[in-house]
Amino acid sequence: MSDWRAILELYEAASAGRRSTVLATVIRVVGSAYRRPGAKMLIAADGRATGLISGGCLEQDIRQRARQVFDDGEASLIHYDNRLLSGCNGQIDVLLERIDDGAESPLELIAECARSGQRGCIATTLPTIERRSADRPRRGIWKAGGSFRGNLPAPLNESQLRADMISAVAASEASVRRYATVAGAIDVFFDPIAPPHPLLVLGGGPDVPPLIQLARQIGWRTTVVEFVRRGPTPQPWHALADEVIHVPRSRPAPPELLTPQTAAIVMTHDFTQDLVLLQSLLKSPVRYIGVLGPRSRTSRLLDHLDQQGIDLDPGNLRRLYSPIGLDLGAEGPEEVALSIIAEIKAVISDRPAGRLRDGAGPIHVPTQSRGNSPLNETSSIQRLTQSFSPALPRLTAGNC
């Protein structure tokens, strides 16, 4: 979720004043829409709001409906048909609920995942479309490596819910499942929560600030490692990063930063230092390795590593991007930063980074459950559970 930072800041400010907020969450999408299931908007009692659930078509109506939710605390599930509202070919269901400070708040889990770097999932019972419910949505929360907690209705099977939450995390897809119980059908929304994408910038030159500033704007967690001969020199732009670490020259990056989710950028402008860094990165599990500079310079770096007997496995080299960035005709630090961030986003999203007008299909990748009724979504979730079942022990251990 790219707007997690602003949403959490507003939530924390409201909680500090012991004031409730109203959370709007996209639950279902049929057809085309600006945002996908799981997108959120948070409204404070004083009228402040952050996050988008559409391109601007629905936000004003959501603000107005939030007033009643503040007053009586009753949740509602609203159906919007954008074919009638804006001419867009999409239908959207949005859950509105009042959020009070507490351990079972979905925003508390988002904050927890952001801090820990782990994934989690929220399972929320849904009211009937367009009918307000005096009962608050019941909720279950699960975080990788942790236990299931919550207050979901007794007819729901906890072990089945936990398995479905793990599957939702594995698939990285929010969806609705309908459960048949002795008390009647219950719709549950599964909302997988992923921590911010970790961006590791190795270098502290003047071309770094635009890069981390843009990365933070889209919600990534930014860590800058500066390689110093003497003590560190504080810089005003250090405040832009989530973390700045100082390491002696000729040392590699701290290994705890090199996770399978990390996108690492080498930009020290020092050939010897880059050689050390590239060697350690190729041996690490990081998802993306970008090296600033021309292709010939990176070829020289690889030649040196080859002469040192470093195994340049072709599989590892597929993670290496140099020259770094998309071909945008970029000039200057700001445009180069845009080119780099765009390439990393395409890589982690597994998209080709071409022009949208040249594609024949939809902008968003179709999913198995998209456009299905809740009954059909049941079988879709079951297929996801079966598809990802080999990964369940690994996810449960907190290595997702």
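Going by the structure above, here's the rest.
Model, not experiment: these values are computed from the prediction.

Draft legend 1. Region of interest: the overall build of the chain. In terms of regular secondary structure, the chain is built from twelve helices and 16 strands. Across the 400 residues in the chain, those meeting the buried criterion constitute 48%. Put simply, 61% of the contacts in the chain that link residues at least 6 apart link residues at least 24 apart.

Draft legend 2. Summary view of the packing of aromatic side chains. A full pass over the atoms with the stated rule returns two aromatic pairs. Between tyrosine 179 and phenylalanine 190 the ring centres are 6.4 Å apart and the planes differ by 50°, which places this aromatic pair in the tilted class. Placement of the pair is tyrosine 179 in strand β9 (residues 175–181) and phenylalanine 190 in strand β10 (residues 184–193), with a sequence separation of eleven residues. As far as the burial class goes, tyrosine 179 and phenylalanine 190 line up, both buried.

Draft legend 3. Structural detail: the sheet that holds strand β13 (residues 243–248). As summarised here, the arrangement of the six strands in space is β13-β12-β11-β14-β15-β16, forming an open sheet in which the pairing is parallel. Each edge of the sheet is formed by a strand with only one pairing partner; in this case those strands are β13 and β16 (320–321). Here helix α6 (residues 208–217) sits on the sheet in contact with β11 (198–202), β12 (221–228) and β14 (263–266), set at roughly 160° to β12.

Draft legend 4. Structural context of the pattern of salt bridges. Applying the stated rule across the entire model yields 15 salt bridges. When the shortest N-O distance is used, the salt bridge between arginine 28 and aspartate 187 registers 3.3 Å. Here arginine 28, found in strand β1 (residues 21–31), pairs with aspartate 187, found in strand β10; they are 159 residues apart in sequence, far enough to count as distant. The same class applies to arginine 28 and to aspartate 187, which are both buried. A salt bridge links arginine 357 to aspartate 358, with the shortest nitrogen-to-oxygen separation between them at 3.8 Å.

Draft legend 5. Local environment of empty space enclosed by the protein. In the structure shown here, the tally under the stated rule is two cavities of 30 Å³ or more. Among the elements that make up the lining of the largest cavity, the one with the highest residue count is β1 (three residues). Residue classes in the lining of the largest cavity are distributed as six nonpolar, two polar and four charged. Approximately 40 Å³ is the volume found for the second largest cavity. If you go around the second largest cavity, the residues you meet are His197, Pro198, Leu199, Trp220, Gln261, Ala263, Ile344 and Ile348. Of the residues in the lining of the second largest cavity, the class split is six nonpolar, two polar and no charged.

Draft legend 6. View of the nonpolar core. The biggest cluster of nonpolar side chains holds 25 residues, and the ones touching the most others in it are Leu200, Leu202, Val225, Leu278, Leu281, Ile289 and Leu305. Among the secondary structure elements, those contributing two or more residues to this core are β11, β12, β13, β14, α7 (271–283), β15 (288–291) and α8 (295–307). Here this core gets six residues from one element, more than from any other, and that element is α7. With 22 residues, the next largest nonpolar core counts Val224, Ala337, Ile340 and Ile344 among its residues.

Draft legend 7. Representation of the packing of α6 against helix α10 (residues 332–348). One can describe the packing of α6 onto α10 by two numbers: an axis separation of 8 Å at closest approach and a directional angle of 45°. The orientation of α6 relative to α10 falls into the category oblique. For the pair α6 and α10, the sense of crossing is right-handed. Residues Pro210, Leu211, Leu214 and Ala215 of α6 touch α10, and the partners they reach there are Pro333, Glu334, Ala337, Leu338, Ile340 and Ile341. Here the residues of the contact of α6 with α10 are counted per class, giving nine nonpolar, no polar and one charged.

Draft legend 8. Seen up close, the pairing of strand β4 (residues 76–81). Counting buried positions along β4 gives five out of six residues, so the element sits mostly inside the fold. When β4 meets strand β5 (residues 90–99), the two strands line up antiparallel, connected through six bridges. Bridged to serine 76 within β5 is leucine 96.

Draft legend 9. Quick look at the packing of α7 against α8. Packing of α7 against α8 brings their axes to within 10 Å, and their N-to-C directions diverge by 65°. Judged on the interaxial angle alone, α8 and α7 are roughly perpendicular. When the axes of α7 and α8 are compared, the crossing they make is right-handed. Taken together, the residues of α8 that come into contact with α7 (itself represented by Phe271, Asp274, Leu275, Leu278, Gln279 and Leu282) are Arg297, Arg300, Leu301, Leu302, His304 and Leu305. Its residues assigned to classes, the contact of α7 with α8 comprises seven nonpolar, two polar and three charged.

Draft legend 10. Here's a closer look at the side chain of arginine 5. Here arginine 5 lies in helix α1 (residues 4–16). A distance of 3.0 Å separates a polar side-chain atom of arginine 5 from the backbone oxygen of tryptophan 220. For arginine 5, the residues in contact, after removing those within four places along its chain, are Arg216, Gly219, Trp220 and Asp242.

Draft legend 11. The arrangement of the layout of surface pockets in detail. When its volume is computed, the second largest pocket comes out at roughly 270 Å³. Lining the second largest pocket are 17 residues, and of these Gly204, Glu226, Phe227, Val228 and Arg249 sit closest to its centre. Broken down by element, the residue count for the lining of the second largest pocket peaks at three residues, all from β12.

Draft legend 12. The arrangement of the sheet that holds strand β3 (residues 49–50) in detail. With antiparallel pairing, the five strands of this open sheet are ordered in space as β3-β2-β1-β5-β4. The open sheet has two edge strands with one neighbour each: β3 and β4. Bridge count between β1 and β5: ten bridges; the pairing is antiparallel. Counted as the bridge partner of valine 22 is arginine 98 from β5.

Reading the values: rules and limits
Residues numbered from 1 in each chain as written. Predicted model: local features only at pLDDT ≥ 70, side-chain atom pairs only at ≥ 80, totals over all residues. Heavy atoms only, no water. Helix = DSSP H or I, 4+ residues; strand = E, 2+ residues; numbered from the N terminus. Buried < 20%, exposed > 50% of the residue type's maximum accessible area, 1.4 Å probe, protein only. Contact = heavy atoms within 4.5 Å. Phe/Tyr/Trp six-rings, centres within 6.5 Å; stacked < 30°, edge-to-face > 60°. Pairing = 2+ DSSP bridges. Axes fitted to C-alpha atoms, helices over the stretch in contact; angles between N-to-C directions. Salt bridge = Lys/Arg side-chain N within 4 Å of Asp/Glu carboxyl O. 1 Å grid on protein atoms, 1.4 Å probe; cavity = no way out; pocket = protein on both sides within 12 Å on 5 of 7 lines; lining within 4 Å. Points joined across faces, edges and corners; volume = space filled by probe spheres on them. Nonpolar A, V, L, I, M, F, W, Y, C, P; charged D, E, K, R; others polar. Core = buried A, V, L, I, M, F, W, Y, C linked by side-chain atoms within 4.5 Å. Parallel < 35°, antiparallel > 145°, perpendicular 65-115°, else oblique. Left-handed = near helix turned anticlockwise from the far one by under 90°. Polar contact = N/O pair within 3.5 Å; in protein donor to acceptor, adjacent residues only side chain to side chain.

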